[in-house]
Amino acid sequence: MQIIHSDTYEQMSIQGCDLLLDTIQKKNDAVICLATGSTPKRMYELLVHKINEQRIDLTNVTFVKLDEWYGLEPDHPSTCHTFIKQHLLDKLYMKPKCLIEFTSNAVDVTQELIKVETYLKEHPIDVMILGLGMNAHLGLNEPSQQLTLGCHQVMLNSKTKTHDMIKGEHVESGMTIGMDGIFKSKQVLMLVSGSSKEDAYKDFMSGTITTQVPASMLWLHTNCVCLVDTSQFK
Ligand code: GLP
């Protein structure tokens, strides 16, 4: 585990962007798994700018969406799909090869989970981008007595239901890539930012691992970089 503290959100975002650019430049068919939410926003903005400026070829690059709120129409402003469209796809000068994702309003959820799971079996992720959740969740792998290996549907924890993305919406569950997908990723990039993450970050740094702090499991990954913006920590 490599932990890098930054004094500002901007600095953390620049470091994350550099790591992603490096991956895409070294491996033009990279598979990149994308978290959504406030934490990676600026990193994506910087990444889009660099890709467009340097005309980096995305013809063979694949984006995989880490997770999705269940039950909303895909083009609803609160979905992870809309987030990725607005912050990446619509702003990039060229489209990547494809976007693999859980469809937010899928009728057959099992089929949806199998679709992403099957893709991951054949195409391991090169960089898995994660944002530490308020309750130390990873994607929507919520604190629990046990964590699930494969792609799965999950009931949202009460804290997760207060997430800014779904404010005012009635969302009870989500779909996410499980711990196996996270652990089979060649590299994990976890970003930590915001005052609401301080307790979760302390738990992550406590020197123990437990499924009640899903992020703590990352201590077992052999290639994990954790970028921390400490500007809002006491
Ligand atoms: C939700 C999102 C994730 C995100 C996490 C943290 O679970 N679906 O993709 O990584 O929350 O979000 P934020 O960075 O806004 O705190």
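Up top is the structure these notes are about.
Since the structure is predicted, the reported quantities are computational estimates derived from the model, not experimental observations.

Participant: Any chance you could explain the site of the ligand here in plain terms?
Facilitator: Around the ligand sit 14 residues, and of these Ser38, Thr39, Asp67, His163 and Lys197 come closest. For the ligand, an oxygen atom lies 3.0 Å from a polar atom in the backbone of threonine 36. Glycine 139 is positioned such that a nitrogen or oxygen atom in its backbone is 3.3 Å from an oxygen atom of the ligand. Out of a free accessible area of 390 Å², the ligand has 97% covered by protein chains. Applying the majority rule of atoms within 2 Å of the grid points places the ligand in the largest pocket.

Participant: Before we go on, may I ask you to explain a nonpolar patch on the surface in this structure?
Facilitator: Together, Met1, Met205, Ile209, Trp219 and Leu220 give the surface a local cluster of nonpolar side chains, amounting to about 440 Å² of exposed area. As for its placement among the helices and strands, tryptophan 219 is situated in the loop between α6 (198–204) and β10 (224–229). Residue classification places tryptophan 219 among the partly exposed residues on the basis of a relative accessible area of 35%.

Participant: What is the right way to look at the sheet that holds β10 in this model?
Facilitator: Strand pairing within a sheet occurs via backbone hydrogen bonds; the two strands may be parallel or antiparallel. If you walk across this open sheet you meet the 7 strands as β1-β10-β9-β6-β2-β3-β5, and the pairing is parallel. In this open sheet, the two edge strands, each paired with only one partner strand, are β1 (2–6) and β5 (98–100). Strand-to-strand twist in this sheet, taken as the mean axis angle between neighbours without regard to direction, amounts to 20°. In the packing of helix α4 (residues 109–122) onto the sheet, the strands contacted are β2 (31–34), β3 (62–65) and β5, and the crossing angle to β3 comes to about 135°.

Participant: Would you take a moment to explain the pattern of salt bridges for this structure?
Facilitator: Pairing is possible between side chains of opposite charge, provided their charged atoms come close. The full count for this structure, using the stated rule, is 14 salt bridges. Aspartate 29 is paired through a salt bridge with lysine 27; the nearest N and O atoms lie 3.3 Å apart. A relative accessible area of 39% means that aspartate 29 is categorised as partly exposed. Between lysine 167 and aspartate 164 there is a salt bridge, with its nearest N and O atoms 3.0 Å apart. Aspartate 164 matches lysine 167 in its accessibility class, with the two residues each being exposed. Put simply, Lys27, Asp29, Asp126 and Lys186 are held in one network by salt bridges that share partners.

Participant: Can you help me understand the environment of lysine 85 in this one?
Facilitator: With respect to the helices, strands and loops of the structure, lysine 85 is situated in helix α3 (residues 80–89). Each C-alpha atom, one on lysine 85 and one on aspartate 75, is 9.3 Å from the other, the two residues being 10 residues apart in sequence.

Participant: Help me understand α4 in this model?
Facilitator: The α-helix advances 3.6 residues per turn, and as a result positions three or four apart in sequence lie on the same side. Here α4 spans 21 Å end to end across 14 residues, near enough to the 20 Å set by a 1.5 Å rise per residue. Between the side-chain oxygen at the start of α4 and the backbone nitrogen of threonine 110 there is a gap of 3.4 Å, and the oxygen is on aspartate 108.

Participant: Got a minute to help me understand the environment of leucine 46 in this structure?
Facilitator: Summarising the element assignment, leucine 46 is placed in helix α2 (residues 41–54). C-alpha of leucine 46 to C-alpha of serine 13: the two residues are 33 residues apart in sequence and 7.6 Å apart in space. Not counting residues within four places of it along the chain, the set of residues in contact with leucine 46 comprises Glu10, Ser13, Ile14 and Cys17.

Participant: Sorry, what's going on with the nonpolar core here?
Facilitator: Considering soluble globular proteins, one finds that nonpolar side chains tend to be buried as a cluster. The biggest cluster of nonpolar side chains holds 77 residues, and the ones touching the most others in it are Trp69, Met128, Ile129, Leu130, Ile177, Leu189 and Met190. Ignoring any residue separated from it by four or fewer positions in sequence, one finds leucine 130 in contact with Ala35, Leu66, Leu138, Gly139, Ile182, Val188, Leu189, Met190, Leu191 and Leu218.

Definitions and limits used
Residues numbered from 1 in each chain as written. Predicted model: local features only at pLDDT ≥ 70, side-chain atom pairs only at ≥ 80, totals over all residues. Heavy atoms only, no water. Near = heavy atom within 4 Å. Polar contact = N/O pair within 3.5 Å; in protein donor to acceptor, adjacent residues only side chain to side chain. Areas by Shrake-Rupley, 256 points an atom, 1.4 Å probe, with all protein chains shown as cover. 1 Å grid on protein atoms, 1.4 Å probe; cavity = no way out; pocket = protein on both sides within 12 Å on 5 of 7 lines; lining within 4 Å. Sits in = over half its atoms within 2 Å of the grid points. Patch = residues over 30% accessible without salt bridge, like charges linked within 9 Å, V, L, I, M, F, W, Y side chains within 5 Å. Salt bridge = Lys/Arg side-chain N within 4 Å of Asp/Glu carboxyl O. Helix = DSSP H or I, 4+ residues; strand = E, 2+ residues; numbered from the N terminus. Buried < 20%, exposed > 50% of the residue type's maximum accessible area, 1.4 Å probe, protein only. Pairing = 2+ DSSP bridges. Axes fitted to C-alpha atoms, helices over the stretch in contact; angles between N-to-C directions. Contact = heavy atoms within 4.5 Å. Expected span 1.5 Å × (residues − 1). Core = buried A, V, L, I, M, F, W, Y, C linked by side-chain atoms within 4.5 Å.

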